Amino acid sequence: MAQTLRSQTQKLLHGVDHQSRLSRSVHLLLASLIIINVICVILDTVQDLADRYFTLFLIIELICTAVFTIEYILRIWSAPDDPEFTGRGGRLRYMLRPMAIVDLIAILPAFLFLFTSVDLRFIRIVRLLRLLKFTRYSTGLDLMLMVFRQQLGIFGAASAALACMLVFSAGAIYLAEHQVQPDAFGDLPSTLYWSIITLTTVGYGDVVPITAVGKFLASIISLTGIGIVAVPAGILASAFSSELRRREDIYRQQAAHHLSGKRLTEAMRRKLRSHQEELGISDEQAQSIIADIRDVHHDHEDDLLACPHCHKPLRLELSEPGE
């Protein structure tokens, strides 16, 4: 009995079952509490609101902390039912995962406030990290994190190139400007600040070169910064496009399997809807894919069901539920 309950808890907390009303309700509740708690943390930094609604903010904080603590304990308890964490030390391996650490950070501020003398302002900021838990319940954020993980090597190479460019540009401007502007460009750390602001195209304007050589170098560095910023954006756009195409292909295969028969039942519709939500496919994309599959089926049926005498196609329409 305990084993079954643990298995059900693992399925409930470690993945959204879109066909289960209880699973959707639990994840919607947790996502709502995260948003409400983060809003309260932000409003709590306004002194007038903090004084006026102190009791309300405290009650919300206690409720959220209690729910997140229970969730964290249940996740650890049910972790061995995941094949990845079976065997000895499975729970410890789960606790060291990034999202498990985020869950722990989400409940730590309340206990730090109760049992230590940590600065309250620090605790308020740490509580904002609870927003990271929201990535579990957002398909879009999950897709973004997946793309970042897949392209980590490329981003590492781009970051190395950016670091080299920052150092080279800081050294060049230091040579050109440090004698005429010793306060602004008197050392490489100060010049590195200007290089970062310029290469990222922010351009605060508080520190600017005044020599002809410095202005020329600043122009080259600014133009280079546009290209450097565009490289990660292009990598992300390409990676997102590839991942979306991959998910569309998976959904196309699943939809083709369900549409292989002559009748699309309501159970099949629910399964397709569940696959669509799991993969983050929009309704428009799903309808377009299903329409393409149906067109292919019609064409295939036309080839198979042709009149042997006049060779005209004999169409066989797909039946809808209730027909």
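Keep in mind that what you see is a predicted model, and the values were worked out from it rather than measured.

Relative to each other, helix 9 (residues 152-177) and helix 11 (residues 188-199) sit at 120 degrees, their axes nearing to 8 Å. Taken together, helix 9 and helix 11 sit at an angle that is classed as oblique. Judged by the twist between their axes, the crossing of helix 9 over helix 11 is right-handed. Residues L162, M165, L166, V167, S169, A170, G171, I173 and Y174 of helix 9 pack against L188, T191, L192, W194, S195, I196 and L199 of helix 11.

With that out of the way, let us pick up the pattern of salt bridges. A complete count under the given rule lists 2 salt bridges for this structure. Two residues, R75 and D103, come together in a salt bridge whose shortest N-O distance is 3.9 Å. Separated by 28 residues along the polypeptide, R75 in helix 4 (residues 54-78) and D103 in helix 6 (residues 98-115) bring together distant segments of the chain. Here D103 falls in the buried class, since its relative accessible area comes to 2%.

This part covers the environment of V67. Within the element layout of this structure, V67 appears in helix 4. Between the C-alpha atom of V67 and that of I107, which follows or precedes it by 40 residues, the distance is 9.4 Å. In this structure V67 touches L30 and L33, once residues within four positions along its chain are discounted.

C64, F68 and Y94 are the most contacted members of the largest nonpolar core, which has 15 residues in total. No other element matches the 6 residues that helix 4 contributes to this core. In this structure, F68 is in contact with L30, L33, I34, I107, R130 and K133, ignoring residues within four places of it in sequence.

Turning next to a nonpolar patch on the surface. Together, L5, I70, L74 and W77 line one region of the surface with nonpolar side chains, adding up to about 340 Å² of accessible area. When residues in the nonpolar patch are grouped by element, the largest group, 3 residues, is from helix 4.

Right, let's get into the environment of V213. Structurally, V213 can be placed in helix 12 (residues 212-258). Taking relative accessible area as the criterion, V213 reaches 51% and is therefore assigned exposed. Linking V213 and A176, residues 37 residues apart in sequence, is a C-alpha distance of 6.3 Å.

Glancing now at the packing of helix 2 (residues 21-44) against helix 4. Put simply, helix 2 and helix 4 touch, their axes get as near as 10 Å, and they point 140 degrees apart. The angle between the axes of helix 2 and helix 4 places the two elements in the oblique class. Our pair here, helix 2 against helix 4, has a crossing hand that is left-handed. When helix 2 is examined against helix 4, the residues L30, L33, I34, I36, N37, C40, L43 and D44 are found in contact with a partner set consisting of F57, I60, E61, C64, V67, F68 and E71. Looking at the contact of helix 2 with helix 4, its residues break down into 11 nonpolar, 1 polar and 3 charged.

The next thing to look at is the packing of aromatic side chains. Here the structure, examined in full by the defined rule, presents 2 aromatic pairs. Judged by centre distance (6.3 Å) and plane angle (50 degrees), the rings of Y53 and F57 are tilted. What makes F57 buried here is its relative accessible area of 10%.

Note on placement: T69 falls in helix 4. Since its relative accessible area comes to 17%, T69 is described here as buried. Looking at T69, its side chain comes within polar contact range of the main-chain oxygen of T65, at 2.6 Å. For T69, the residues in contact, after removing those within four places along its chain, are I107 and F111.

Here helix 2 is 24 residues long and its end C-alpha atoms lie 34 Å apart, about the 34 Å a rise of 1.5 Å per residue gives. Within helix 2 the residues assigned to the buried category are S23, V26, H27, L30, A31, L33, I34, N37, V38, C40, V41 and D44.

Criteria and cut-off values
- Residues numbered from 1 in each chain as written.
- Predicted model: local features only at pLDDT ≥ 70, side-chain atom pairs only at ≥ 80, totals over all residues.
- Heavy atoms only, no water.
- Axes fitted to C-alpha atoms, helices over the stretch in contact; angles between N-to-C directions.
- Helix = DSSP H or I, 4+ residues; strand = E, 2+ residues; numbered from the N terminus.
- Parallel < 35°, antiparallel > 145°, perpendicular 65-115°, else oblique.
- Left-handed = near helix turned anticlockwise from the far one by under 90°.
- Contact = heavy atoms within 4.5 Å.
- Salt bridge = Lys/Arg side-chain N within 4 Å of Asp/Glu carboxyl O.
- Buried < 20%, exposed > 50% of the residue type's maximum accessible area, 1.4 Å probe, protein only.
- Core = buried A, V, L, I, M, F, W, Y, C linked by side-chain atoms within 4.5 Å.
- Patch = residues over 30% accessible without salt bridge, like charges linked within 9 Å, V, L, I, M, F, W, Y side chains within 5 Å.
- Areas by Shrake-Rupley, 256 points an atom, 1.4 Å probe, with all protein chains shown as cover.
- Nonpolar A, V, L, I, M, F, W, Y, C, P; charged D, E, K, R; others polar.
- Phe/Tyr/Trp six-rings, centres within 6.5 Å; stacked < 30°, edge-to-face > 60°.
- Polar contact = N/O pair within 3.5 Å; in protein donor to acceptor, adjacent residues only side chain to side chain.
- Expected span 1.5 Å × (residues − 1).

This is a description of form; function is not addressed.
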